[in-house]
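Observations on the model geometry
Each chain, written out:
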Amino acid sequence: MLFQSLFVCVLIVNVCFTIVDLMIRKTSLNVNTTKYIAQRSTLTVSFTLLWMLLDNGFEQTISLYSCFQIIGCAILCGIGLFSFVEATKKLAFANLLVIQAIGPIFQQFIGKWLFNESASSTLYISFLIALIGVLIQSQIPKNSKGIWLAIISITAWTLGYSLMSIPLKNTAMIWSVLFVEGTILLIAICGLAFRKKIPDLLQSKIPKPVILIAMITVIGSYMLNYIYKHFEITNIAWFNLIFLPTTVLVSQFIFKEKISRKEIISNLIILIAFAFHHFCS
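Residues numbered from 1 in each chain as written. Predicted model: local features only at pLDDT ≥ 70, side-chain atom pairs only at ≥ 80, totals over all residues. Heavy atoms only, no water.

Here's the deal with the overall build of the protein
For the protein, the count of helices and strands is 12 helices and zero strands. Reading the helices (α) and strands (β) of the protein from amino to carboxyl end gives α-α-α-α-α-α-α-α-α-α-α-α. Counting only residues that meet the buried cut, the protein has 52% of its 281 residues in that class. Per element, the accessible surface of the protein, about 13,500 Å² overall, is 71% carbon and sulfur. (Helix = DSSP H or I, 4+ residues; strand = E, 2+ residues; numbered from the N terminus. Buried < 20%, exposed > 50% of the residue type's maximum accessible area, 1.4 Å probe, protein only. Areas by Shrake-Rupley, 256 points an atom, 1.4 Å probe, with all protein chains shown as cover.)

Encoded structure:
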């Protein structure tokens with residue numbers, strides 16, 4: 001029953017963030033990344049505050065120590081988000097999603113070494129196979145920058161949410177959503193202020209698709225926090241791996257991107273790492 005519940009929760013999260021990732025790809029290609037994130041995060045914070053108001057979320061307490069813990073994790077998540085949006089501009093989306101397969105494998109390492117959770121003996125072999133695939137793709141000149149942005153994104157995001165499982169054990173989930181989104185918004189505003197682009201943000205209209213992105217993000221983030229609050233990290237990583245091939249196929253069907261032979265080979269190697277870890281563990 002426990003694993004059935006986790007499966008349903010991970011399914012909801014993957015559906016939400018697959019939709020969000022696809023929409024980000026479509027709407028962020030020709031806009032400034034920092035401004036885009038500021039617009040998105042303004043809405044996510046607004047929707048989260050409305051949710052808390054309607055659900056009496058402000059009556060739930062949160063300790064100052066937990067606030068600082070969540071903010072620290074949120075900074076990592078912000079780095080992950082910024083790197084992801086930048087990576088979508090420099091990398092075929094299918095390649096980007098395949099590279100994200102490293103995230104759940106990395107998460108197994110985190111669960112094993114930081115939280116003393118049990119992990120499969122195939123973990124190290126899977127990681128080495130995936131690393132070979134990434135290195136092959138990094139040798140493609142047009143992909144080199146996008147590859148490293150993708151790796152930074154998945155590393156920062158995975159580490160941030162894995163560590164957030166600690167304060168989430170003693171914190172209402174809606175507070176964590178608010179602090180994460182609020183921290184990301186503050187970072188984006190500071191970035192725009194440093195470049196003297198705040199007037200541009202205030203004068204520009206928020207595109208309608210970004211409104212939908214923000215709404216789905218809040219729902220997905222709440223469910224993601226629920227997962228990290230109630231389940232072990234290694235189990236979360238294992239279930240996340242299940243949905244990866246479907247997400248890649250959907251993205252390839254939607255965008256119909258042309259991928260070179262070397263990119264196909266590198267993607268297949270990464271997927272072999274995924275399959276080895278999934279079926280041999």
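Side note on the pattern of salt bridges
Applying the stated criterion to the full structure yields four salt bridges. Between Lys 89 and Glu 86 there is a salt bridge, with its nearest N and O atoms 3.6 Å apart. Residue Lys 90 is joined to Glu 86 by a salt bridge in which the shortest nitrogen-to-oxygen separation is 3.2 Å. Ionic contacts of the salt-bridge type, sharing partners, join the residues Glu 86, Lys 89 and Lys 90 into one network. (Salt bridge = Lys/Arg side-chain N within 4 Å of Asp/Glu carboxyl O.)

So, the packing of helix H5 (residues 102–115) against helix H7 (residues 144–168)
A packed helix pair is summarised by two numbers, namely the angle formed by the two axes and the spacing between the axes. Two elements in contact, H5 and H7, have axes whose closest approach is 10 Å; the angle formed by their N-to-C orientations is 40°. As H5 packs across H7, the resulting crossing turns out to be right-handed. Mapping the contact onto sequence places Gly 103, Phe 106, Gln 107, Ile 110, Leu 114 and Phe 115 in H5 and Ile 154, Thr 155, Thr 158, Leu 159, Ser 162, Leu 163, Ser 165 and Ile 166 in H7. Taken together, the residues of the contact of H5 with H7 sort by class into eight nonpolar, six polar and no charged. (Axes fitted to C-alpha atoms, helices over the stretch in contact; angles between N-to-C directions. Left-handed = near helix turned anticlockwise from the far one by under 90°. Contact = heavy atoms within 4.5 Å. Nonpolar A, V, L, I, M, F, W, Y, C, P; charged D, E, K, R; others polar.)

Here we look at the nonpolar core
One finds Ile 24, Leu 96, Ile 99, Met 164, Ile 227 and Tyr 228 to be the most contacted residues of the largest nonpolar core, which totals 60 residues. Tallying contributions element by element places helix H1 (residues 2–27) first for this core, with 10 residues. Look past the residues within four positions of Ile 24 in its chain and what remains in contact with it is Tyr 36, Phe 84, Val 85 and Ile 213. Residues Val 45, Met 52, Ala 172 and Trp 175 belong to the second largest nonpolar core, which totals seven residues. (Core = buried A, V, L, I, M, F, W, Y, C linked by side-chain atoms within 4.5 Å.)

Considering helix H2 (residues 33–54)
Look at H2: 32 Å from first C-alpha to last across 22 residues, which is about the 32 Å you get at 1.5 Å a residue. Positive backbone phi, approximately 55°, marks Asn 56, located one or two places after H2. (Expected span 1.5 Å × (residues − 1).)

Things to note about unusual backbone geometry
Look at Asn 56: it is not a glycine, yet its phi comes out positive at around 55°. Counting through the fold element by element, Asn 56 comes out in the loop between H2 and helix H3 (64–88). In this structure, Lys 196 takes a positive phi of about 60° despite not being glycine. With respect to the element layout, Lys 196 can be found in the loop between helix H8 (173–194) and helix H9 (198–203).

Concerning a nonpolar patch on the surface
Taken together, the side chains of Phe 7, Val 8, Leu 11, Ile 12, Val 15 and Ile 19 define a hydrophobic patch exposed on the protein surface, amounting to about 430 Å² of accessible area. With respect to the element layout, Val 8 can be found in helix H1. Judged by relative accessible area, Val 8 falls into the partly exposed class, the value being 43%. (Patch = residues over 30% accessible without salt bridge, like charges linked within 9 Å, V, L, I, M, F, W, Y side chains within 5 Å.)

Notes on the packing of aromatic side chains
Each aromatic ring pair is described using two quantities: the centre-to-centre distance and the angle formed by the ring planes. Tallying each qualifying case throughout the model produces six aromatic pairs. An angle of 35° between the planes, with centres 5.6 Å apart, marks the rings of Tyr 161 and Tyr 228 as tilted. Separated by 67 residues along the polypeptide, Tyr 161 in helix H7 and Tyr 228 in helix H10 (residues 208–230) bring together distant segments of the chain. Take Tyr 161 and Tyr 228: they sit in the same class, and that class is buried. Pairwise contacts between aromatic rings join Phe 58, Trp 175 and Phe 179 into one cluster. In this structure, Lys 112 is placed above the aromatic ring of Trp 113, and the distance from its NZ or CZ to the ring centre is 5.3 Å. (Phe/Tyr/Trp six-rings, centres within 6.5 Å; stacked < 30°, edge-to-face > 60°. Lys NZ or Arg CZ within 6 Å of the ring centre and 35° of its normal.)

Some details on the packing of H2 against H3
Direction vectors running N to C along H2 and H3 enclose 125°, while the axes themselves pass 10 Å from each other. Comparing the axis directions of H2 and H3 gives the class oblique. Our pair here, H2 against H3, has a crossing hand that is right-handed. Along its contact with H2, which presents Thr 33, Thr 34, Ile 37 and Arg 40, the element H3 presents Leu 81, Phe 82, Val 85 and Glu 86. Residues that form the contact of H2 with H3 fall into these classes: four nonpolar, two polar and two charged. (Parallel < 35°, antiparallel > 145°, perpendicular 65-115°, else oblique.)

What to know about the side chain of Thr 217
Topologically, Thr 217 is positioned in helix H10. According to the relative accessible area criterion, Thr 217 is buried, its value standing at 2%. Not counting chain neighbours up to four residues away, the residues in contact with Thr 217 comprise Phe 17, Val 20, Arg 40, Thr 44 and Glu 181.

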